[in-house]
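# Structural characterization, general
One letter stands for each residue in the lines below.
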Amino acid sequence: MNIKLDKLRSFVLVADEGNLTRAANRRHTTPSAVSEHLRQLEDHFGLALFERNTRGMALTTAGRKLLAPARQALMQVAELDEIARALRCEQPEPLSFALNAPPEYLKVDQLLRSVARDLPEIALELATSSSFVIRDQVKAGELDMGYAYGDYADDQVLGLRLAPIRVSVVGPLEGSREHFPTDFAERRALPWIWPAGHCPLATMLPDILGGGREQANNNSSSIDELSTLSMIRAGLGYGLVEHELASHWADRGSVRVYSEPRLSINLSLLVRRDRVDEPAIAAVIALVKQLWQEASVPQTAATETVS
């Protein structure tokens, strides 16, 4: 019979670990499955590869002589895979991916490493914009996909909910209140920097203020969170900003972040419905979903799911 690579991997792992259970854990399988691999190898070679002792599994003389060739065979197969992957990726497919916040708050470094490792046939081209602009550009086909705050129900754009993102009320460091008011009238009387256009954060303000923009002391407007923070630091008013970003500015002594009320908005991945099944798009979607799940962010039901 031909020697299967999985049996050689089990042989090498047991030799390294000296223990069936630890080797099985590294292979994400069961000790009985690894033991069966060894039995089949021993039947194939007509040689005993291991002997059991009080410490676990020890190589026999024959096993020690076969270990180096087994490692070499596995390394040669891995090298073949790398060469084939490189050949496939001589001209990686570009995919435009938009960010609605600074990359460090969206796990972008982890995403780029995962794409480079697992999807070298794809080249992500990053751009930064606002959530409502990203939604419109994905819908128009000007972007392949992108992050956005809020939930979307659209005939053309699919919104995959990834995680709840904390949002905080932020005020100027100088001359601001120590605690955010609980009274709606007092809140509306504060000068506010209103998110421009159809920014999802703007939909949160009426609940916070007990009234819409026409009832609030609307001092100015801002197209993105960095502009909002700059205006807050300049003393122009209060605004809503993603909590981690706001906390970074607060740590530098630039703004004041209020702990109450505790607010959150969903982070979604947007992609055109008619492109979900494209291999490159589907592969990146799977990586993004895995990334946010592995980060142990509390998960809520997706707006829609992709099978």
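For the structure, check the block above.
Residues numbered from 1 in each chain as written. Predicted model: local features only at pLDDT ≥ 70, side-chain atom pairs only at ≥ 80, totals over all residues. Heavy atoms only, no water.

### Some points on the pattern of salt bridges
For side chains bearing opposite charge, pairing can occur when the charged atoms are close. Using the following cut-off: Any carboxyl oxygen of Asp or Glu that lies within 4 Å of a side-chain nitrogen of Lys or Arg is treated as forming a salt bridge with it. Throughout this description, buried means an accessible area under 20% of the type-specific maximum (1.4 Å probe, protein chains only), exposed means over 50%, and partly exposed covers the range between.
On inspection of all chains with the given rule, the structure shows 15 salt bridges. For R272, the salt bridge identified is with D274, shortest N-O distance 2.8 Å. We classify D274 as exposed; its relative accessible area is 54%. R275 is paired through a salt bridge with E278; the nearest N and O atoms lie 3.0 Å apart. Judged by relative accessible area, E278 falls into the partly exposed class, the value being 29%.

### Points about the layout of surface pockets
Put simply, the test is: Residues are said to line a cavity or pocket when one of their atoms sits within 4 Å of a point; the points come from a 1 Å grid over protein atoms alone, cavities being sets where a 1.4 Å probe fits but cannot get out and pockets being open sets with protein on both sides within 12 Å along at least five of seven lines. Grid points are joined across faces, edges and corners, and a volume is the space filled by probe spheres set on the points. For helices the rule is a DSSP run of H or I covering at least 4 residues; for strands it is a run of E covering at least 2, with both sets numbered from the N terminus onward. All amino acids are sorted into three groups, where Ala, Val, Leu, Ile, Met, Phe, Trp, Tyr, Cys and Pro are nonpolar, Asp, Glu, Lys and Arg are charged, and the leftover types, Gly among them, are polar.
Estimated volume of the largest pocket: approximately 190 Å³. As for the largest pocket, its lining consists of 13 residues, and the residues nearest its centre are Y105, I165, E242, E244 and W292. Those elements that place two or more of their residues in the lining of the largest pocket are β6 (157-172) and α10 (243-251). There is about 160 Å³ of room inside the second largest pocket. Lining of the second largest pocket is provided by N100, A101, P102, P103, T128, S129, S130, D224, E225, L226 and L245. Residue composition of the lining of the second largest pocket, by class: five nonpolar, four polar and two charged.

### Description of the nonpolar core
Note the threshold: In this text, buried Ala, Val, Leu, Ile, Met, Phe, Trp, Tyr and Cys residues form a nonpolar core when linked through side-chain atoms within 4.5 Å.
Counting 51 residues, the largest nonpolar core has F97, Y147, W192, L269, V284 and V288 as its most contacted members. Considering each element in turn, this core owes the most residues, eight residues, to helix α11 (residues 279-294). One finds L8, V14, A23 and L38 within the second-largest nonpolar core, a separate group that totals 18 residues.

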